[in-house]
Amino acid sequence: MRSVHLLTLPFLAGAMFCSAQVQDFTKVQMKVTKVNGNVYMLEGAGGYIGASVGEDGIVIDDDQYAPLADKIRAALNGITDKPVRFVINTHYHGDHTGGNALFQKDAPILAQDNVRKRMEHGGTAGNLGKISMQAPAHPKEALPIITFEHDVTVHLNGEDIRALHFPSGHTDGDSVIFFPKSNVVHMGDDFVTYGFPFVDLGAGGSVEGMISAVEQVVAQLPADVKVIPGHGPVSNLEDMRKFVTMLKETLAVVDRGIKQGKSLEQLQKENILMPWEKWNGGFLKTDTWLETLYNDLTGTKGEFIRHN
Ligand SMILES: [Zn+2]
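Described in the following lines is the structure provided in the data block.

## Concerning the overall build of the protein
Within the protein one finds eight helices and 15 strands. Scored against the burial criterion, the 308 residues of the protein give a buried share of 56%. Taking the intrachain contacts of the protein between residues at least 6 apart in sequence as the baseline, contacts between residues at least 24 apart amount to 66%. About 12300 Å² of surface is accessible on the protein, with carbon and sulfur atoms providing 52% of the total.

## Quick word on the coordination of the zinc ion
The protein atoms that coordinate the zinc ion are His91 (NE2), His93 (ND1), His170 (NE2) and Asp189 (OD), at distances spanning 2.2 Å. Classification of the site at the zinc ion as irregular follows from its four donor atoms and the range of 87 to 170° in their angles at the metal. All donors to the zinc ion come from one chain, and their sequence spacing reads H-x1-H-x76-H-x18-D. Within this pair, whereas His93 is found in the loop between β6 (84-88) and α2 (94-97), its partner His170 is found in the loop between β12 (159-165) and β13 (175-179), the two being separated by 77 residues in sequence.

## Let's talk about the sheet that holds strand β5 (residues 57-61)
Ordered in space as β2-β3-β4-β5-β6-β7-β10, the seven strands form an open sheet in which the pairing is mixed. The outermost strands of the open sheet, each flanked by one partner alone, are β2 (31-36) and β10 (146-148). The average angle at which neighbouring strand axes cross in this sheet is 25°, direction not considered. When strand β3 (residues 39-43) meets strand β4 (residues 49-54), the two strands line up antiparallel, connected through four bridges. The residue of β4 that forms the bridge with Tyr40 is Ala51.

## A closer look at the environment of Gln29
Mapped onto the elements of the fold, Gln29 is located in the loop between β1 (4-5) and β2. Put simply, Gln29 and Leu42 are 13 residues apart on the chain and 9.9 Å apart in space, counted from C-alpha to C-alpha.

## Structural notes on unusual backbone geometry
Phi is positive for Gln64, which is not a glycine, with a value near 55°. Even without glycine at this site, Leu128 takes up a positive phi of about 60°. Considering the arrangement of structural elements, one finds Leu128 in the loop between β8 (123-126) and β9 (132-135).

## So, helix α8 (residues 286-297)
Count 3.6 residues to each turn of an α-helix, and residues three or four apart come out pointing the same way. Between its first and last C-alpha, α8 extends 16 Å over 12 residues, near the 16 Å set by a 1.5 Å rise per residue. In terms of burial, α8 is largely enclosed, as 10 of its 12 residues are buried. When α8 is considered as a whole, its buried residues turn out to be Thr286, Thr288, Trp289, Leu290, Glu291, Thr292, Leu293, Tyr294, Asn295 and Asp296. The secondary structure elements touched by the buried residues of α8 are α5 (207-220), α6 (237-259) and α7 (264-269).

## Considerations on the sheet that holds strand β15 (residues 226-228)
Pairing within the open sheet is mixed, and its five strands lie in the order β11-β12-β13-β14-β15. With partners counted over all chains shown, the strands left at the sheet margins are β11 (151-156) and β15, one partner each. Within the sheet, the average angular offset between the axes of one strand and its neighbour, ignoring direction, is 15°. Across three bridges, the pairing between strand β14 (residues 184-186) and β15 is parallel. Bridging across to β15, His186 finds its partner in Ile228.

Rules and cut-offs
Residues numbered from 1 in each chain as written. Predicted model: local features only at pLDDT ≥ 70, side-chain atom pairs only at ≥ 80, totals over all residues. Heavy atoms only, no water. Helix = DSSP H or I, 4+ residues; strand = E, 2+ residues; numbered from the N terminus. Buried < 20%, exposed > 50% of the residue type's maximum accessible area, 1.4 Å probe, protein only. Contact = heavy atoms within 4.5 Å. Areas by Shrake-Rupley, 256 points an atom, 1.4 Å probe, with all protein chains shown as cover. Donors = N, O, S within 2.8 Å, 3.2 Å for Na, K, Ca; no water. Tetrahedral: all angles 85-135°; square planar, octahedral: opposite > 155°, others 65-115°. Pairing = 2+ DSSP bridges. Axes fitted to C-alpha atoms, helices over the stretch in contact; angles between N-to-C directions. Expected span 1.5 Å × (residues − 1).

Just distances and angles here, no functional claims.
Rendered as structure tokens:
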């Protein structure tokens, strides 16, 4: 299995893990959706962007890929002529931080401590199995210049925009972004709608942490909150509950198999994830999700960056 650069992590279906071609961004169009209150969602390529837009300017979370920066700016200019004031990164992956160096000319970038560390040093992202991608080290212009350990709040647009860190989920540097006045939450890649999720075990992620993050968020938000996934259309708490139920059930069934002494190959041959087949294929095939669960449960862990 060849490794591919994180830049080619476009969450496209198919054999992307075997393909090193660089994505063509020229045809990408920015679609802007008003989510609720003064929060918008931008869909182009890569991670979906949340944007608080108001009298004080714009706060965006995530910035997709560098070649899309002008399209993102144009889309924001279509909503307001006010400037971007802050950018928050939900995690370090290149499809969420690719525009950092360009956007940081306009506004400071905030992120959890581990986002900066991982972007500074680079490393190998993946599930410690079939998924393996080189995450490059970034120049300092692209690194978040304000970092936090647990949470930070940006008080603009009459909103207390809060980035709250949940440890060891999709990665070890994830933040969920809350827009309480607008009743919107942006989950980063701790919640996606493309099927079985990618959990970056190589960067300190874990399935248990992803479950915990989603459950905690679901427990504290009002029933009618609007959810921006890391990838996918605006969703609701019921979608998050179905997602976390799938995570827990598939984790439990693989755990049972491991305790019965079965190898990954045996579990794959027995097709033990067949009941969850409808989650197959958006980004991860069933066998790759099984491999992720197996590696997670058997403690095949990547390098975990400790806080402090
Ligand atoms: Zn990601």
